[in-house]
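Examination of the molecular architecture
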Amino acid sequence: VQLQASGGGLVQNGDSLRVSCAASGRTFSNYAMGWFRQAPGKEREFVAGVRWSSGSTYYAGSVQGRFTISRDNAKNTVYLQMNSLKPEDTAVYYCAAAPPGFISSTIRSIKVYQYWGQGTQVTVSS
């Protein structure tokens, strides 16, 4: 499994940005895909997740209503649309894949994700 994240950058407070994660190496129809982020000196945290088969989405409370995760089956790509960005959203954003067998209630847990992309930096200036 290969996950290639892209689309990060430097934006201003209140701007929007979309990051992408191109997945390859196998069929992801029964996987969950997630976005996590890690700020300097902090632990990696869940941001958003999507079940590839159903399209069901899950969000961290801090981004609910501002971020939207989606997937494009034809392109095998997962997106994270980030609106109303804040300086506290500054972090390296990682995409990850959880193989089949996870329980829905655990989709926010970093432990169920076995495959990780390289990360893309998102910086929000004030």
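Refer to the structure printed above.
Anyway, here's the lowdown on the structure attached to this text. (Residues numbered from 1 in each chain as written. Predicted model: local features only at pLDDT ≥ 70, side-chain atom pairs only at ≥ 80, totals over all residues. Heavy atoms only, no water.)

In this section: the overall build of the protein. Within the protein, the regular secondary structure consists of zero helices and eleven strands. When the helices and strands of the protein are placed in sequence order, the string is β-β-β-β-β-β-β-β-β-β-β. Its C-alpha atoms give the protein a radius of gyration of 13 Å, near enough to 14 Å, the size a compact globule of 126 residues would have. If you line up the protein on its principal axes, its C-alpha atoms span 40 × 25 × 25 Å. Within the protein, the fraction of its 126 residues that count as buried is 42%. Intrachain contacts of the protein at a sequence separation of at least 6 include 58% that bridge at least 24 residues. Carbon and sulfur atoms make up 45% of the accessible area of the protein, which amounts to about 6,200 Å² in all. (Helix = DSSP H or I, 4+ residues; strand = E, 2+ residues; numbered from the N terminus. Rg over C-alpha atoms; globule rule 2.2 N^0.38 Å. Buried < 20%, exposed > 50% of the residue type's maximum accessible area, 1.4 Å probe, protein only. Contact = heavy atoms within 4.5 Å. Areas by Shrake-Rupley, 256 points an atom, 1.4 Å probe, with all protein chains shown as cover.)

The next subject is the state of the cysteines. Under the definition given, this model contains one disulfide. Paired by a disulfide, C21 and C95 hold their sulfur atoms 2.2 Å apart. Every disulfide takes its handedness from the sign of the S-S torsion; for C21 and C95 that torsion is 65°, giving right-handed. With C21 in strand β3 (residues 17-24) and C95 in strand β9 (residues 91-98), this residue pair connects regions lying 74 residues apart in the sequence. Residues C21 and C95 agree in their burial class; the two are buried. (Disulfide = S-S within 2.5 Å.)

Judged by which residues are buried, strand β11 (residues 120-125) turns out to be one-sided: T120, V122 and V124 face inward and are buried, whereas Q121, T123 and S125, on the alternate face, are not. With four bridges connecting them, strand β2 (residues 9-12) and β11 associate as parallel partners. Bridge pairing in β11 links G9 to V122. Judged from the three bridges that link them, β9 and β11 form a sheet pairing that is antiparallel. Residue pairing across strands places V92 opposite Q121, the latter belonging to β11. (Pairing = 2+ DSSP bridges.)

What follows is about the packing of aromatic side chains. Tallied over the full model, the rule gives six aromatic pairs. Over the aromatic face of Y94 sits the side chain of R44, whose NZ or CZ is 3.7 Å from the ring centroid. Sitting over the face of the ring of W116, R44 holds its NZ or CZ atom 4.9 Å from the ring centroid. (Phe/Tyr/Trp six-rings, centres within 6.5 Å; stacked < 30°, edge-to-face > 60°. Lys NZ or Arg CZ within 6 Å of the ring centre and 35° of its normal.)

This paragraph deals with the sheet that holds strand β1 (residues 2-6). The strands that make up a sheet are held in pairs by hydrogen bonds between backbone atoms, and each pair lies either parallel or antiparallel. Spatial ordering of the open sheet is given by β1-β3-β8-β7, a layout of four strands whose pairing is antiparallel. If you trace the sheet from one side to the other, it starts and ends with β1 and β7 (67-72), each paired once. Neighbouring strand axes in the sheet, compared pairwise and without regard to direction, differ in orientation by 15° on average. In this sheet, β3 lies alongside β1 in antiparallel orientation, the contact comprising five bridges. Residue pairing across strands places Q4 opposite A22, the latter belonging to β3. (Axes fitted to C-alpha atoms, helices over the stretch in contact; angles between N-to-C directions.)

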